[in-house]
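Each chain, written out:
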Amino acid sequence: MSAAGEGAVALVLVTTDPGEEARVMGEVKAVKGVQECLLLFGEYDLFMRIEAYSYAQVSAIVLQEIRTIEGVQTTKTLTTAPSLD
């Protein structure tokens, strides 16, 4: 995606089954479109940044790729707003 605001960016917070964080993180990192994945402490276990050509593609990545990984309990997807520049 370009700096000119083309495409879609989403931030996804994930909760996993206890003890499955590292394995799920490894699988998430292999998903096309996932640009960053970080391990968290607290209410959520993983943070990821997804970049795609459209929000429909973001939806497909979350629903068909992320949520289907064994050990993923919940996801919360935050879509970014257009640049105000």
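Everything quoted here is computed from the prediction, not taken from an experiment.

Colleague: Looking at this structure, how should I read helix 1 (residues 21-29)?
Modeller: In an α-helix there are 3.6 residues to a turn, and that puts residues three or four apart on one side. Turning to helix 1, its buried residues number three or more, namely V24, M25 and V28. For helix 1, the angular spread of the buried residues around the axis is 105°, confining them to a single face. Looking at the buried residues of helix 1, the elements they touch are strand 1 (8-16), strand 2 (34-39), strand 3 (46-52), helix 2 (55-66) and strand 4 (72-79).

Colleague: When you look at the nonpolar core in this model, what are you seeing that I'm missing?
Modeller: The tendency in soluble globular proteins is for nonpolar side chains to be buried side by side. Judged by nonpolar contacts, the single largest core of 20 residues is most densely connected at V28, V34, M48, I50 and I66. Of all elements in the fold, only strand 1, helix 1, strand 2, strand 3 and helix 2 reach the threshold of two or more residues within this core. Residue contacts for I66: discarding those within four places in its chain leaves V14, V28, V31, V34, M48, I61, V72 and T75.

Colleague: Before we go on, may I ask you to explain the pairing of strand 1 in this structure?
Modeller: As a general feature of sheets, a regular strand has side chains that alternate between the two faces. Summarising burial for strand 1: eight of the nine residues are buried, a large majority. Relative to strand 3, strand 1 runs antiparallel, the two sharing seven bridges. Counterpart to A8 in the pairing with strand 3 is A52.

Colleague: Honestly, the sheet that holds strand 2 in this entry has me stumped. Any pointers?
Modeller: Reading across the sheet, the four strands line up as 2-3-1-4 and stay open at both edges, with antiparallel pairing between neighbours. What marks the edges here is a single partner per strand, and that holds for strand 2 and strand 4. Going across the sheet, the axis of each strand differs from the next one's by a mean of 20°, ignoring polarity. Contacting strand 1, strand 2, strand 3 and strand 4, helix 1 crosses the sheet at an angle of about 170° to strand 2. Across the face of the sheet, helix 2 comes into contact with strand 1, strand 2, strand 3 and strand 4 while running at roughly 135° to strand 3.

Calculation notes
Residues numbered from 1 in each chain as written. Predicted model: local features only at pLDDT ≥ 70, side-chain atom pairs only at ≥ 80, totals over all residues. Heavy atoms only, no water. Buried < 20%, exposed > 50% of the residue type's maximum accessible area, 1.4 Å probe, protein only. Helix = DSSP H or I, 4+ residues; strand = E, 2+ residues; numbered from the N terminus. Arc of directions from axis to C-beta. Contact = heavy atoms within 4.5 Å. Core = buried A, V, L, I, M, F, W, Y, C linked by side-chain atoms within 4.5 Å. Pairing = 2+ DSSP bridges. Axes fitted to C-alpha atoms, helices over the stretch in contact; angles between N-to-C directions.

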